[in-house]
Amino acid sequence: VSKAFTAAETLNSSFELFFSFDYRGGGTPWPAAGGDSMISYLNQYKDSKSYFWYKGKPFVGTSEGIDNVQDWHLGELFDQRFRPLDIKAYLDKVQGAFSWNMWPKGPNNITTSPDEEWQKTLRDKSYLMGISPWFFRSARVNSDNRNP
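Residues numbered from 1 in each chain as written. Predicted model: local features only at pLDDT ≥ 70, side-chain atom pairs only at ≥ 80, totals over all residues. Heavy atoms only, no water.

1. Looking at unusual backbone geometry
Line of reasoning, step 1. Although it is not a glycine, asparagine 12 adopts a positive phi angle of roughly 50°.
Line of reasoning, step 2. Here asparagine 12 shows up in the loop between α1 (2–11) and β1 (19–22).
Line of reasoning, step 3. With relative accessibility at 61%, the residue asparagine 12 sits in the exposed group.
Line of reasoning, step 4. The residue lysine 55 is not glycine, and still its phi comes out positive at about 55°. (Helix = DSSP H or I, 4+ residues; strand = E, 2+ residues; numbered from the N terminus. Buried < 20%, exposed > 50% of the residue type's maximum accessible area, 1.4 Å probe, protein only.)

Below you can see the structure in the form of structure tokens.
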């Protein structure tokens, strides 16, 4: 992580980084406190000139972290998931969401319907729409597992 921030700072450009903590990828949630917590990483790097800030707060993403919503008390939080209804009960805890539903199913082109559903669910919250050609995901067919 430190090398990524050092490289970004060395560029002396508008290139910025932010954390997106995967709550399912490692088998256990990120710790709420301590040296390996998401808050410790954020506190260590948020003041870097290469850290991305949004609306005056450090930007933070999570993947499937909704069960640990109590840990999110610093930063501008965007949760990443496949279905907008998963986040509906937590709208008071997030500032926006990022959809992972960006791949066509079989030979059918993807439509804007999932994005419209997200925007309806989020109401006045921010929404990030993914574009699949710009995003690589190593996953088995018909699986949410990103680490086959």
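2. A word on the nonpolar core
Line of reasoning, step 1. The biggest cluster of nonpolar side chains holds 11 residues, and these are Phe5, Ala8, Leu17, Phe19, Phe21, Tyr23, Met38, Leu42, Tyr45, Tyr51 and Val60.
Line of reasoning, step 2. Elements supplying a minimum of two residues to this core: α1, β1 and α2 (38–45).
Line of reasoning, step 3. Excluding its chain neighbours within four sequence positions, the residues that come into contact with tyrosine 45 are Val1, Ser2, Phe5, Phe19 and Tyr51.
Line of reasoning, step 4. Of all hydrophobic cores here, the second largest spans 7 residues; its members include Val94, Ala97, Trp118 and Tyr127. (Core = buried A, V, L, I, M, F, W, Y, C linked by side-chain atoms within 4.5 Å. Contact = heavy atoms within 4.5 Å.)

3. Details of the pairing of strand β3 (residues 57–63)
Line of reasoning, step 1. The element β3 is extensively covered by neighbouring structure, given that 6 of its 7 residues are classed as buried.
Line of reasoning, step 2. Pairing analysis gives 4 bridges linking β1 to β3, with the strands arranged parallel. The residue bridging phenylalanine 19 from the neighbouring strand is valine 60, located in β3.
Line of reasoning, step 3. As paired elements, strand β2 (residues 53–54) and β3 share 2 bridges and run antiparallel to each other. Its bridge partner being in β3, tryptophan 53 is matched across the sheet by proline 58.
Line of reasoning, step 4. The hairpin turn running from β2 into β3, its antiparallel successor, is 2 residues long, and lysine 55 in that turn takes a positive phi close to 55°. (Pairing = 2+ DSSP bridges.)

4. Points about the packing of aromatic side chains
Line of reasoning, step 1. Applying the stated criterion across every chain yields a total of 11 aromatic pairs.
Line of reasoning, step 2. With a centroid separation of 4.6 Å and an interplanar angle of 80°, the aromatic rings of phenylalanine 18 and phenylalanine 59 are classed as edge-to-face. Here phenylalanine 18 is found in the loop between α1 and β1, whereas its partner phenylalanine 59 is found in strand β3, with 41 residues between them in sequence.
Line of reasoning, step 3. Using a relative accessible area of 6% as the deciding quantity, one classes phenylalanine 59 as buried.
Line of reasoning, step 4. By way of ring pairs, the aromatic residues Phe5, Phe19, Tyr41, Tyr45 and Tyr51 are connected into one cluster. (Phe/Tyr/Trp six-rings, centres within 6.5 Å; stacked < 30°, edge-to-face > 60°.)

5. Overview of α2
Line of reasoning, step 1. Within α2, burial applies to Met38, Ile39, Leu42 and Tyr45. Considered in projection along α2, the buried side chains sweep an arc of 150° and stay on one side of the axis.
Line of reasoning, step 2. Structurally, α2 contributes buried residues whose contacts are with α1, β1 and β3. (Arc of directions from axis to C-beta.)

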